[in-house]
Amino acid sequence: VDVLNAPSWLVFVTKNHICQLPLAKMLRAATRCASSLKMATPSRFYSTEPEVLTAVQGAAAIATLNRTKPLNALNLPMVKELQSFCQSVESNDDVHVAVLEGAGKAFCAGGDVVQIAKSAKEEIDDGELARTFFHEEYKVDYALATLRKPLVSLIHGITMGGGVGISVHGTYRVATEKTLFAMPETGIGLFPDVGGGYFLPRLTGLTGDGKSSGAFGMYLALTCQRLKGSEVVQAGVATHFTRLEALPQLKEDLAAVTSAADVKAVLDSHHEAPTDVPFFVEHKDEIERCFGQASVQDCLAALEDSEWGREQLENIQKVNPSPLSMAVTFEQLSRGASMDLKAVLEMEYGLTQHFMAGQDFHNGVRSKLMKGPPVVWQHASVADVTPEEVQAYFEPGEYQLT
């Protein structure tokens, strides 16, 4: 509806009656109705506020995720805008650094999975969004990862799922005391995608010597464990840590660089190295023992052998992940440890389409994000998931990341 040029009255003609109603009155009634149903009000549809704000400030091209109500969750138009942002950064010789940030209290809470789940079951758009969204999302993840100019992601606030995908593969990630990281996808019947099969097995948080520990990434993926503040740097997810109040000055300093080579020096000058020992280092041996096993069933069995392990089992039960998602996730990370990012994203796109065709993702989103009935997963436990079922999810497809 074009409100500025719409008529002030609407006329309805039926067989026996002519009814003339003021448009303003109808809109007010529609707004009250939508509010009572917890739906989007008309004002949302008339809003012209961009969901991604882009600007060039000095040498810095800045993209700000601006969909604050759903915590900057990515939808398809936002993904398209980020693709255009990447192209503009590459083509502008005056830009030496790209900056990603989120408006409000979140960097990005993930993808708009409610709409994707509805699409997967053809409740809307005949399933087109479920097929298209992941394809376009992974393309922008890869484009950001392969920018020829430094990418600095200011991952202040909630950074989960799709928000991790657009940041973690880039050059630099700056966390603050308010950063909250997690890959919670198994809890809604999906898997830690957006390149999770690439970066999770390569995290260095347990070793402290720059070497990766596959067990640590497996721990984060299977437990949906959250990391806060400086823990995000210590885990290897972020590269730098600074206080929230210092971010405006950091952006000014990035805008003033004279070459891409200056970016790291600017970030280092704002970095506050954490001095405390994170909880996961305190439990390093347990994590290695329990999550370095040969199968997901062995991981869960190993957790039963210690008090810390049993606490993790309780936490997993609270998350109530899909058993199929856990089994697929274990295989995903095991394979991804020896694959490059492009190959991982192509593998993960195939996985998404299997999950779109199944029941767990739709049921998980409906139950946990749409206030539906308690979720009933396809399998009662991980032990009920057969190797053949897992293997079927990894059958090669025709998808290529182009």
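Residues numbered from 1 in each chain as written. Predicted model: local features only at pLDDT ≥ 70, side-chain atom pairs only at ≥ 80, totals over all residues. Heavy atoms only, no water.

## Things to note about the overall build of the protein
Argument step 1. Across its full length, the protein carries 19 helices and 12 strands.
Argument step 2. For the protein, the share of sequence-separated contacts (at least 6 apart) that also reach a separation of at least 24 residues comes to 68%.
Argument step 3. Roughly 19,000 Å² of accessible area belongs to the protein as shown, and the carbon and sulfur atoms make up 52% of that amount. (Helix = DSSP H or I, 4+ residues; strand = E, 2+ residues; numbered from the N terminus. Contact = heavy atoms within 4.5 Å. Areas by Shrake-Rupley, 256 points an atom, 1.4 Å probe, with all protein chains shown as cover.)

## Structural notes on the side chain of Lys149
Argument step 1. Along the chain, Lys149 turns up in the loop between helix 5 (128-145) and strand 7 (151-154).
Argument step 2. Buried charge without a salt bridge: Lys149, with Asp93 as the nearest opposite-charge side chain at an N-O distance of 5.1 Å.
Argument step 3. From its side chain, Lys149 meets the backbone oxygen of Val89 in a polar contact 2.7 Å long.
Argument step 4. Leaving out residues up to four positions away in the same chain, Lys149 has contacts with Val89, Glu90, Asn92, Asp93, Val95, His96 and Thr171. (Buried < 20%, exposed > 50% of the residue type's maximum accessible area, 1.4 Å probe, protein only. Lys, Arg positive; Asp, Glu negative; His and termini not counted. Salt bridge = Lys/Arg side-chain N within 4 Å of Asp/Glu carboxyl O. Polar contact = N/O pair within 3.5 Å; in protein donor to acceptor, adjacent residues only side chain to side chain.)

## Some remarks on the pairing of strand 5 (residues 97-102)
Argument step 1. In terms of burial, strand 5 is largely enclosed, as 5 of its 6 residues are buried.
Argument step 2. In terms of strand pairing, strand 4 (residues 60-65) meets strand 5 through 6 bridges, oriented parallel. Across the sheet, residue Ala63 finds its bridge partner in strand 5, namely Leu100.
Argument step 3. Read from strand 4 through helix 3 (residues 76-91) to strand 5, the crossover connection turns out right-handed.
Argument step 4. With 3 bridges connecting them, strand 5 and strand 7 associate as parallel partners. Counterpart to Val99 in the pairing with strand 7 is Val152. (Pairing = 2+ DSSP bridges. Right-handed = clockwise from strand over helix to strand, strands pointing away.)

## Thoughts on the environment of Pro150
Argument step 1. Relative to the assigned elements, Pro150 resides in the loop between helix 5 and strand 7.
Argument step 2. As a C-alpha pair, Pro150 and Ala98 span 52 residues in sequence and 6.2 Å in three-dimensional space.
Argument step 3. With near-sequence residues (within four places) excluded, Pro150 lies in contact with His96, Val97, Ala98, Thr171, Tyr172, Ala260 and Val263.

## Notes on the packing of aromatic side chains
Argument step 1. In the structure shown here, the tally under the stated rule is 9 aromatic pairs.
Argument step 2. Taken together, a centroid distance of 6.4 Å and an interplanar angle of 25 degrees make the contact between Phe216 and Tyr219 stacked. Of this pair, Phe216 and Tyr219 both sit in helix 8 (residues 214-223), separated by 3 residues, roughly a single helical turn. For the pair Phe216 and Tyr219, a shared accessibility class is recorded, and that class is buried.
Argument step 3. An aromatic cluster is present here, built from Phe216, Tyr219, Phe279, Phe280, Phe291 and Trp308 joined pairwise through their rings. (Phe/Tyr/Trp six-rings, centres within 6.5 Å; stacked < 30°, edge-to-face > 60°.)

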